[in-house]
Amino acid sequence: MSVYVITGVSSGIGFGFLKSISEDPQNLVVGLVRNKAATEQKVATELGKRSNVHIVHGDLTNYASLKQAAADTAKIVGERGIDYLVGNAGFPAQFDAYSPISELGEEPEELDDVADKLFKTNVTGNIHFFNLFMPLVLKGKTKKVIAITSGHADLDLINNFDVENSALYSASKAALNIIVAKFSAQYKKDGVLVFSVSPGVVEVGHFGDLTPKQTEGLMKFVGKAQAYAPHFKGPVPVEGAVQTIRSLWERASIETGYAGAFVSHFGNRQWV
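The following paragraphs examine the structure supplied in this document. Keep in mind it's a predicted model, so treat the numbers as computed, not measured. (Residues numbered from 1 in each chain as written. Predicted model: local features only at pLDDT ≥ 70, side-chain atom pairs only at ≥ 80, totals over all residues. Heavy atoms only, no water.)

**A few points about the layout of surface pockets**
Here's step 1: The calculated volume of the second largest pocket comes to roughly 220 Å³.
Here's step 2: If you list the elements that add at least two residues to the lining of the second largest pocket, you get helix H1 (12–22), helix H2 (36–47) and helix H9 (238–251).
Here's step 3: Residues belonging to the lining of the second largest pocket are distributed by class as follows: four nonpolar, four polar and five charged. (1 Å grid on protein atoms, 1.4 Å probe; cavity = no way out; pocket = protein on both sides within 12 Å on 5 of 7 lines; lining within 4 Å. Points joined across faces, edges and corners; volume = space filled by probe spheres on them. Helix = DSSP H or I, 4+ residues; strand = E, 2+ residues; numbered from the N terminus. Nonpolar A, V, L, I, M, F, W, Y, C, P; charged D, E, K, R; others polar.)

**Quick notes on the side chain of threonine 73**
Here's step 1: Along the chain, the position of threonine 73 falls in helix H3 (residues 63–77).
Here's step 2: By relative accessible area, threonine 73 is classed as buried at 0%.
Here's step 3: Setting aside its immediate chain neighbours within four residues, threonine 73 contacts Val5, Val30, Leu32, Val56, Ile82, Phe133 and Leu136. (Buried < 20%, exposed > 50% of the residue type's maximum accessible area, 1.4 Å probe, protein only. Contact = heavy atoms within 4.5 Å.)

**Examining the packing of aromatic side chains**
Here's step 1: Overall, the coordinates contain nine aromatic pairs when judged by the stated rule.
Here's step 2: Taking 5.0 Å as the distance between ring centres and 40° as the angle between the ring planes, the aromatic pair formed by phenylalanine 17 and tryptophan 249 counts as tilted. Residue phenylalanine 17 is located in helix H1, and its partner tryptophan 249 is located in helix H9; the two are separated by 232 residues in the primary sequence. For the pair shown, phenylalanine 17 and tryptophan 249 are each scored as buried.
Here's step 3: For the ring pair tyrosine 84 and tryptophan 249, a centre distance of 5.9 Å and an interplane angle of 35° mean the geometry is tilted. Remark: tryptophan 249 occurs in helix H9 and tyrosine 84 occurs in strand S4 (residues 84–87); sequence separation between them is 165 residues. Of the two residues examined, tyrosine 84 and tryptophan 249, each falls in the buried class.
Here's step 4: One residue, lysine 42, lies across the ring of phenylalanine 15, its end atom 4.4 Å from the ring centre. (Phe/Tyr/Trp six-rings, centres within 6.5 Å; stacked < 30°, edge-to-face > 60°. Lys NZ or Arg CZ within 6 Å of the ring centre and 35° of its normal.)

**Quick notes on the pattern of salt bridges**
Here's step 1: Scanning all chains against the criterion turns up four salt bridges.
Here's step 2: Lysine 139 is the partner of glutamate 79 in a salt bridge, and the nearest nitrogen-oxygen pair spans 3.6 Å. A residue pair is termed long-range when its members are at least 10 positions apart, and glutamate 79 in the loop between H3 and S4 and lysine 139 in helix H5 (residues 108–139) qualify at 60 residues.
Here's step 3: Aspartate 113 is the partner of lysine 117 in a salt bridge, and the nearest nitrogen-oxygen pair spans 3.4 Å. You can see lysine 117 and its partner aspartate 113 sitting in helix H5, four residues apart, about one turn around the helix.
Here's step 4: Classification of aspartate 113 as partly exposed rests on a relative accessible area of 38%. (Salt bridge = Lys/Arg side-chain N within 4 Å of Asp/Glu carboxyl O.)

**What about H3?**
Here's step 1: Taking 1.5 Å of rise per residue, 15 residues should cover 21 Å, and H3 covers 21 Å from first to last C-alpha, within 8% of that figure.
Here's step 2: Contact partners of the buried residues in H3: strand S1 (3–7), strand S2 (28–33), strand S3 (53–57) and H5.
Here's step 3: Once H3 finishes, glycine 78 follows within two positions and takes phi at roughly 60°, a positive value. (Expected span 1.5 Å × (residues − 1).)

**Some points on the pairing of S4**
Here's step 1: Alternating positions in S4 separate into two faces, Tyr84 and Val86 on one and Leu85 and Gly87 on the other, with burial throughout.
Here's step 2: Both S1 and S4 contribute to a ladder of three bridges, which runs parallel. Paired with isoleucine 6 across the strands is valine 86, a residue of S4.
Here's step 3: With four bridges connecting them, S4 and strand S5 (residues 144–148) associate as parallel partners. Residue pairing in the sheet places leucine 85 in a bridge with valine 145 of S5. (Pairing = 2+ DSSP bridges.)

**Notes on the nonpolar core**
Here's step 1: Among the nonpolar cores identified, the biggest contains 32 residues, and Phe17, Phe195 and Trp249 are the most heavily contacted of them.
Here's step 2: Sorting elements by how many residues they give to this core places H9 first, with six residues.
Here's step 3: Setting aside chain neighbours within four positions, we find tryptophan 249 in contact with Tyr4, Phe17, Ile21, Tyr84, Val86, Lys144, Ile146 and Phe195.
Here's step 4: Core analysis: the second largest hydrophobic core is formed by 31 residues, Ala69, Phe133, Val137 and Val145 among them. (Core = buried A, V, L, I, M, F, W, Y, C linked by side-chain atoms within 4.5 Å.)

**Considerations on the sheet that holds strand S9 (residues 262–263)**
Here's step 1: Taken together, the seven strands give an open sheet; going across it, the order is S3-S2-S1-S4-S5-S6-S9, and neighbouring strands pair in parallel fashion. Whereas interior strands pair on both sides, the edge strands pair on one side only; in this sheet they are S3 and S9.
Here's step 2: With five bridges joining them, S1 and S2 adopt parallel strand pairing. Following the sheet pairing, threonine 7 is matched in S2 by leucine 32.
Here's step 3: The strands that H3 touches are S1, S2 and S3; relative to S2, the one it contacts most, it runs at about 165°.
Here's step 4: Against the sheet, H9 contacts S1, S4, S5, strand S6 (193–197) and S9, and its axis sits at roughly 145° relative to S5. (Axes fitted to C-alpha atoms, helices over the stretch in contact; angles between N-to-C directions.)

The structure is reproduced here in structure tokens:
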């Protein structure tokens, strides 16, 4: 049996993790979400009664709620600790998703607001999450901490193919990768594997209501991503992304060079 704690399980890849992992009744899954009641209802409706699933309130932008979530989780997992701690939740800003950085400067107040939300959620929130839950990871057998990052943080992709869009989001995920490396630097000696993984472009419903200009920006990015990574064929379904990521984190180890690594779907040699 393995114990998993995953943020952001109310939808998208997070719910995909919850669904896939909890299919094995031997696994215990604790999901952290902002809206506990709504997520519990979704789990009951779509997955039925699964006694190995626990939903806990936890908001990456609220330290007190994360501290309480850690206490609540400790009561659930007991002395078993946590085998897999997965920082999946994040703020996926639409403001900069399809536009070059120069256009963002035309709306300075929104730029400031979005940048604050991105760093508070994707960076600071994960620092608090990892710090508060690390004592439980140290009790676990597997001792793996995984952050879900983005290929937009890949400097080679940006520089070699002049990727202009998602500047603020990219910066927040690049900062997250550094945070992951710092946690790895501290806890590798304790046998904890900490690394970040980009799932690539996953179809989670973000592409349904784009304006013509946004669609143009998306297609420009897709073209550049395909040039950088010929295996990239566009957005993949959640189920496929979940299967690929789980396969990666189960075989990854400190000994094979994954400690502190940023594993990108867009061509990083460690992905395959």
